[in-house]
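These are the residues of each chain, in order.
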Amino acid sequence: MSLQVVSPTGGIAPLLRADGVSLEYGGTRATHDVSFDVYRGDRFVLLGPSGCGKSSLLKAAAGFIKPAAGSISINGEEVRGPGPDRIVVFQEFDQLPPWKTVKENVMFPLLMTKRVSRHEAAERAMHWIAKVGLSGFENAHPHTLSGGMKQRVAIARALAMQPEVLLMDEPFAALDALTRRKMQEELGRLWEELRFTLLFVTHSIEEALVVGNRILLLSPHPGQVRAELNSHQFDLASAGSAEFQAASQRIHGLLFGADDAAAGAVAPAQAGAYAERADKRSMDSRVRGNDGRGVAP
Ligand SMILES: Nc1ncnc2c1ncn2[C@@H]1O[C@H](COP(=O)(O)OP(=O)(O)OP(=O)(O)O)[C@@H](O)[C@H]1O
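Everything quoted here is computed from the prediction, not taken from an experiment. Counting restarts for each chain, with residues numbered from 1 along the sequence as it is written. For this predicted model, a pLDDT threshold of at least 70 governs which residues receive local features, and a threshold of 80 or more governs which side-chain atom pairs are given and counted, while totals over whole chains, interfaces and linings are taken from all residues. With hydrogens and water set aside, each side-chain value is computed from the structure's full complement of heavy atoms.

Chemist: What should I look at first to understand the pairing of strand S8 (residues 198-202) in this one?
Modeler: Within a regular strand, side chains alternate between the sheet's two faces. Only protein chains enter the area calculation, which uses a 1.4 Å probe; residues under 20% of their type maximum are buried, those over 50% are exposed, and those in between are partly exposed. Secondary structure elements are defined from DSSP: runs of H or I of at least 4 residues count as helices, runs of E of at least 2 residues count as strands, and each element is numbered from the N terminus. Most of S8 sits inside the fold, with five of its five residues counted as buried. Residues Leu-198, Phe-200 and Thr-202 of S8 are buried on one face, and the alternating residues Leu-199 and Val-201, pointing to the opposite face, are buried as well. In short, DSSP must find at least two bridges between two strands for them to pair. As paired elements, strand S3 (residues 43-47) and S8 share five bridges and run parallel to each other. Across the sheet, residue Arg-43 finds its bridge partner in S8, namely Leu-198. Relative to S8, strand S7 (residues 165-169) runs parallel, the two sharing four bridges. Looking across to S8, one finds that Leu-167 is bridged to Leu-199.

Chemist: Would you mind showing me how to read the sheet that holds strand S2 (residues 28-38) here?
Modeler: Across a sheet, strands are paired by hydrogen bonds formed along the backbone, either parallel or antiparallel in direction. If you trace the four strands from one edge of the open sheet to the other, you get S2-S1-S4-S5, paired in antiparallel fashion. Of all strands in the sheet, those with a lone pairing partner are S2 and strand S5 (77-78), marking the two edges. Both strand S1 (residues 16-25) and S2 contribute to a ladder of seven bridges, which runs antiparallel. Considered in S2, the bridge of Leu-23 is made with Thr-31. Here, residues are in contact when the closest pair of their heavy atoms is within 4.5 Å. Note on definitions: angles span 0 to 180 degrees between N-to-C directions of axes, and those axes are lines fitted to C-alpha atoms, for helices only across the stretch in contact. Where helix H1 (residues 54-62) meets the sheet, its contacts fall on S1, S2 and strand S4 (69-74), and the angle it forms with S1 comes to roughly 120 degrees.

Below you can see the structure in the form of structure tokens.
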């Protein structure tokens, strides 16, 4: 039996930790003092209104931007730049170089690491192309693929790298509703099989509930933590249920203020403080137990 690494608080150490992260662009604050922990196997969602800094937080986790204050660490090591342990899938369909085939696109970052031979990269690419349901399209170029297929290629390319954390920035937002749903389902299926760690950005409450097992709610610009919720009980199958609708409305209230009066002013502080109030109410927003993790309902 393997030993579990434990943090000083006695809990399991997080894989990714954001600690008091403030991000700025030219002196303008995009997020303020945001803290959260992502554990191995989490599907952790950053949810908040447009402009609250979700993408910026993801980019900081990817190592593309440096916090003005606070830090982000992976396995206890501060993130100081991009690395193969954190791969991003973006919303934009043009993230795939158009002159490369599907297979070449998936192989490309593997080859860049110089850790695998061309033969091995090709084998791995074929494996992951099959995993995302694109067998037969290896030699197609991106412009011949639908938006959903392009996102599948981006997911295959990311998973082929076997990152510590898969970072997804509104990956399905530009897809039509049916394809988006299908992609959420596929992502869930892949996660069930592979149990990778996911940090997922969306501004869709429904998508957050369907994709995530934990959701961090961020206030409007500059983004601050409002609350952290457990959402593991929801999936696409439960999306129409009364419970799902109630959760969705509750989150809407937390994000846009309807609950503020009931909860008292929501201090733009750490979720932990707010969680205690949220905890006293009905939904499963029991947030951050003793080990720092969200608590099951
Ligand atoms: N490169 C940039 N230069 C200057 N300001 C930026 C830059 N990128 C983001 N911002 C600003 O930082 C804030 C947060 O932006 P960000 O894109 O992270 O928010 P978001 O929550 O992901 O929004 P959306 O859901 O609309 O994508 C916004 O006010 C935005 O205008």
